[in-house]
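Read off the chains here:
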Amino acid sequence: MSYRYSAQSVNPKATQAIDQEKIETKGPMPIRDSHQSAGEDGTGLASSARSMNILIVDDEANILRTTSIALKSMGHTPFTAESSRRAEFILAEEKIDAMFLDVMLGNENGLDYLTKLQNRKEKIPVIVFTAHSSIESAVDSMKRGAYDYIQKPFIPDEIRQMLAKLARSISLERKVEDLQEQVADADATIRLESEEPTVQKTYDMAFKAANSEASILILGPSGTGKTVLARNVHQRSPRATEPFVTVHCPSLSKELLESELFGHLKGSFTGAVKDTWGKVAAAEGGTLFLDEIGELPMEIQPKLLRLLQDREYERLGENRVRKSNIRVIAATNRDLSSEVQAGTFREDLYYRLKVIAVEMPPLSQRPSDILPLAETYLKHFARREGRKKLNYNSTAAQALIDYSWPGNLREMRNVIERSVILSNGDEIDASDLPDDFIADENGGPRPGQLISLADLEEAHIRRILAKSESLEQAAEILGIDTATLYRKRKRLGLT
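In short, a report on the structure.

Cut-offs used in this document
Residues numbered from 1 in each chain as written. Predicted model: local features only at pLDDT ≥ 70, side-chain atom pairs only at ≥ 80, totals over all residues. Heavy atoms only, no water. Pairing = 2+ DSSP bridges. Helix = DSSP H or I, 4+ residues; strand = E, 2+ residues; numbered from the N terminus. Axes fitted to C-alpha atoms, helices over the stretch in contact; angles between N-to-C directions. Contact = heavy atoms within 4.5 Å. Core = buried A, V, L, I, M, F, W, Y, C linked by side-chain atoms within 4.5 Å. Buried < 20%, exposed > 50% of the residue type's maximum accessible area, 1.4 Å probe, protein only. Salt bridge = Lys/Arg side-chain N within 4 Å of Asp/Glu carboxyl O. Parallel < 35°, antiparallel > 145°, perpendicular 65-115°, else oblique. Right-handed = clockwise from strand over helix to strand, strands pointing away.

## So, the sheet that holds strand β8 (residues 216-219)
Pairing within the open sheet is parallel, and its five strands lie in the order β9-β12-β15-β8-β16. Two strands close off the open sheet at either side, each with one partner strand: β9 (244-248) and β16 (356-359). Pairs of neighbouring strands in the sheet enclose a mean axial angle of 20°, with direction left out of account. For β9 and strand β12 (residues 287-291), the ladder comprises five bridges, and the chain directions are parallel. In the strand pairing of β12, Val247 is matched with Leu290. Contacting β8, β15 (327-332) and β16, helix α7 (residues 197-209) crosses the sheet at an angle of about 150° to β16.

## Some details on the side chain of Glu292
With respect to the element layout, Glu292 can be found in the loop between β12 and α11 (301-310). Residues contacting Glu292, with those up to four places away along its chain left out, are Ser222, Lys226, His248, Cys249, Pro250, Ala331, Thr332 and Asn333.

## Some points on the nonpolar core
Side chains of a nonpolar character, in soluble globular proteins, are inclined to be buried together. Counting residues in each nonpolar core, the largest one holds 28 residues, and the members touching the most others are Leu288, Leu290, Ile293 and Leu296. Taken together, the elements giving at least two residues each to this core come down to β9, α9 (254-262), β12, α11, β15, α12 (336-342) and α13 (347-353). Here this core gets four residues from one element, more than from any other, and that element is α11. In this structure, Ile293 is in contact with Leu217, Cys249, Leu304, Ala330, Ala331, Thr332, Leu336, Phe345 and Leu353, ignoring residues within four places of it in sequence. Leu363, Ala382, Leu390 and Met412 belong to the second-largest nonpolar core, a separate cluster that totals 24 residues.

## Considerations on the pattern of salt bridges
Overall, the coordinates contain 24 salt bridges when judged by the stated rule. A salt bridge links Arg144 to Asp140, with the nearest nitrogen and oxygen atoms 3.4 Å apart. Take Arg144: its relative accessible area is 29%, and that puts it in the partly exposed class. It is possible to trace a salt-bridge network through shared partners that takes in Arg306, Glu312, Glu314 and Lys323.

## Things to note about the packing of helix α18 (residues 471-478) against helix α19 (residues 482-491)
Contact geometry for α18 and α19: axes closest at 9 Å, N-to-C directions at 100°. With respect to α19, the element α18 is oriented roughly perpendicular. Only Thr482, Leu485, Tyr486 and Arg489 of α19 make contact with α18, whose side of the interface consists of Leu471, Glu472, Ala474, Ala475 and Leu478.

## Observations concerning the pairing of strand β1 (residues 53-57)
Across the five residues that make up β1, a large majority, four, are buried. Once you follow β1 into helix α2 (residues 61-73) and on to strand β2 (residues 77-81), the crossover reads as right-handed. One ladder, built from four bridges, connects β1 with strand β3 (residues 98-102); its direction is parallel. Opposite Ile54, over in β3, you have Ala98 as the bridge partner.

In structure tokens, the structure reads:
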């Protein structure tokens, strides 16, 4: 078989250097040339792709040698194998980024080996070498998972262009993975299941309502996972393939918030320099999530009511009525019923929003969920930081359970991320947690624990008495008179 790219086509100096090294094509070591720098082989190629370890699998020594020279000139490290058996040996010893594979390996079928490669846990991009007479094999190789193919005879520039294309594909895949990680990192994989029956009932109700068109109102303190629940309801609904659009109601002024929601025409207000579609239009067919709906200005509330009731709206500065096909989910940390009584929230809008109402309780009311949630966050951040064996020791686990979590899931996420970054070894200790989590040296109660006020008072008085030089000094620190402290000390049996 004749090839345009042969040993005679390369620079004699490069060929001489290779001959001097007496390259053994059967070995797993990379082909190296201490006398040659990139581009010195006469091809004039400068690699536009990152440096890669590339395995060439071909039963012809000439192809192994000349392809290796081309790869070295582009800044890559070539490895060579004349059979699948030798290739497997190299794959076991070296980290290979890509492979060139001949469809005919002597008595072997390269396509059968390609199929075997696709079953590996760590996938390797495979570029197939094929001859003019075996285009059908090239097509078959693509069906079996090959990245691409190069037709023999080939020239070095075809190799360079193929690897540049592969490098772009790898870069794009990594960008996609990074974006997926960023999306996942935003919510850090909050568990939407609970050991607490009341919380699980909340989830079950919300997910059951997902298949309906009813508006859902999610109540609860900040940081309890209301946004995550809303997104999961959307993902379980018939609208899952359509947009999920969020509007954070407190973030904008009345005028800008109205424009953000419904859009505007150019010139409809100062600064409206062009026509703009709002979030309602952006959510068409999907779900509009109104976060902190309790902050919605009274002037906008009738327009939102119209959207919910009649499924229609108008852009600012426009007289045309537009129809909308969206599902609305709202969330708030306010008591909207009290807002209605105070006249700061429309009663009719309130009832339109709460067709289905679910409440996310604070983390302090979910003691059985604390460790499972903390474990979920730990796995997430440990994986991100490359510390997959990390776990909590018993002291840290107890500190997490005892803490009151005033910031709820948002605080837990930050605490666990911090502890993963600052901890040493394979265990997170209580000392790796913020100071608020560390118990006092006497092992007594501390603020934030689920204990009575009387128990907390007793523990505090004990600590102050232990650290004070006199009863008078202790009373001054506690802000009470000496007689009151004396009575408290006697009642608590601290005499």
